[in-house]
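One letter stands for each residue in the lines below.
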Amino acid sequence: MKLTSMEGKSVPQATFRTRVDNQWRDMSSDNLFKGRTVVVFSLPGAYTPTCSSSHLPRYNELAPTFRENGVDEIICLSVNDAFVMDAWAKELGVENIRLIPDGNGDFTQGMGMLVDKSDLGFGKRSWRYSMLVKDGVITKMFIEPDKPGDPFEVSDADTMLHYINAEAKDPEFVTVFTREGCPHCARAKALLKERNMVFEEIHTGMGTGISSRSIRAVSGRSTVPQVFIGGRHIGGADDLEKFLGK
């Protein structure tokens, strides 16, 4: 199998059959790439293990950092239909990436990345790769090596981000354990919002499956809120206020 870089060439012209608000909407290559800086990562299939656990989630996590470094949009492309791609996006809670179905494989074939995975019962699928596209022209490609199986070594989000900016830093992810009706939780969330700090909220209490024992296990405390920033335990609302220098 020969996989050839298309750096310096224009992206293939194709029509993508997408679903928007439960209606069909055709998207062209020009719609996606013309006049814009776009990162594309292509993968063998929705719901497959590496794609679901690593490839797509990390691009979703780093999307704000990509935007800070001049990328208008990140596109995940796969030889799947629109219904599969939409369901996959909902299951993974994708917020920062556009999933594009290349159902017939036309774009992937034009890229020279359409491969036969009939041995897995997949039929024709995309080889795993990533690329940086500026105004429709491919300026950089990271193509996984031709090895048996499903190699995942160079098309990851970190490799692409560090190519764009070698000094780019990972965002500090924020998680807040809260409980319904807790005023201190509301204060902690308000403090984070004031600083434009995006956070993931984990609800605790009856019916959530997360008890005070779980909170104590991860934080050493049983009260809420408990705030974690970049892997560090900050503490409750008062602790967060001190940390932010309020």
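Structure first, text after, so check above.
In this report, the structure presented in the accompanying data block is examined. (Residues numbered from 1 in each chain as written. Predicted model: local features only at pLDDT ≥ 70, side-chain atom pairs only at ≥ 80, totals over all residues. Heavy atoms only, no water.)

Listing the buried residues of helix α3 (residues 82-92) in full gives Ala82, Met85, Trp88 and Ala89. All buried residues of α3 lie within an arc of 130 degrees about the axis, which places them on one face of the element. α3 presents Lys90 and Glu91 as exposed residues on the side facing more than 90 degrees away from its buried surface. Against β1 (15-20), β2 (23-28), β3 (37-43), α2 (49-68), β4 (73-78) and β5 (98-101) lie the buried residues of α3. Backbone nitrogen of phenylalanine 83 and a side-chain oxygen of the N-cap are separated by 2.9 Å at the start of α3; the cap is aspartate 81. Just downstream of α3 lies glycine 93, where phi reads positive at about 65 degrees. (Buried < 20%, exposed > 50% of the residue type's maximum accessible area, 1.4 Å probe, protein only. Helix = DSSP H or I, 4+ residues; strand = E, 2+ residues; numbered from the N terminus. Arc of directions from axis to C-beta. Contact = heavy atoms within 4.5 Å. Polar contact = N/O pair within 3.5 Å; in protein donor to acceptor, adjacent residues only side chain to side chain.)

Once that is clear, we can look at the pairing of β2. In this structure, β1 lies alongside β2, joined through six bridges in antiparallel fashion. Residue pairing in the sheet places threonine 15 in a bridge with serine 28 of β2. Linking β1 back to β2 in an antiparallel pair, the connection comprises two residues, with aspartate 21 at a positive phi of about 55 degrees. (Pairing = 2+ DSSP bridges.)

Strand order in the open sheet made by the five strands is β5-β4-β3-β8-β9, with mixed pairing throughout. With partners counted over all chains shown, the strands left at the sheet margins are β5 and β9 (137-143), one partner each. Pairwise comparison of adjacent strand axes, ignoring direction, gives a mean angle of 25 degrees for this sheet. Here strand β8 (residues 129-134) pairs with β9 via six bridges, running antiparallel. Considered in β9, the bridge of leucine 132 is made with lysine 140. Seen against the sheet, α2 touches β3, β4, β5 and β8 and runs at an angle of roughly 170 degrees to β3. (Axes fitted to C-alpha atoms, helices over the stretch in contact; angles between N-to-C directions.)

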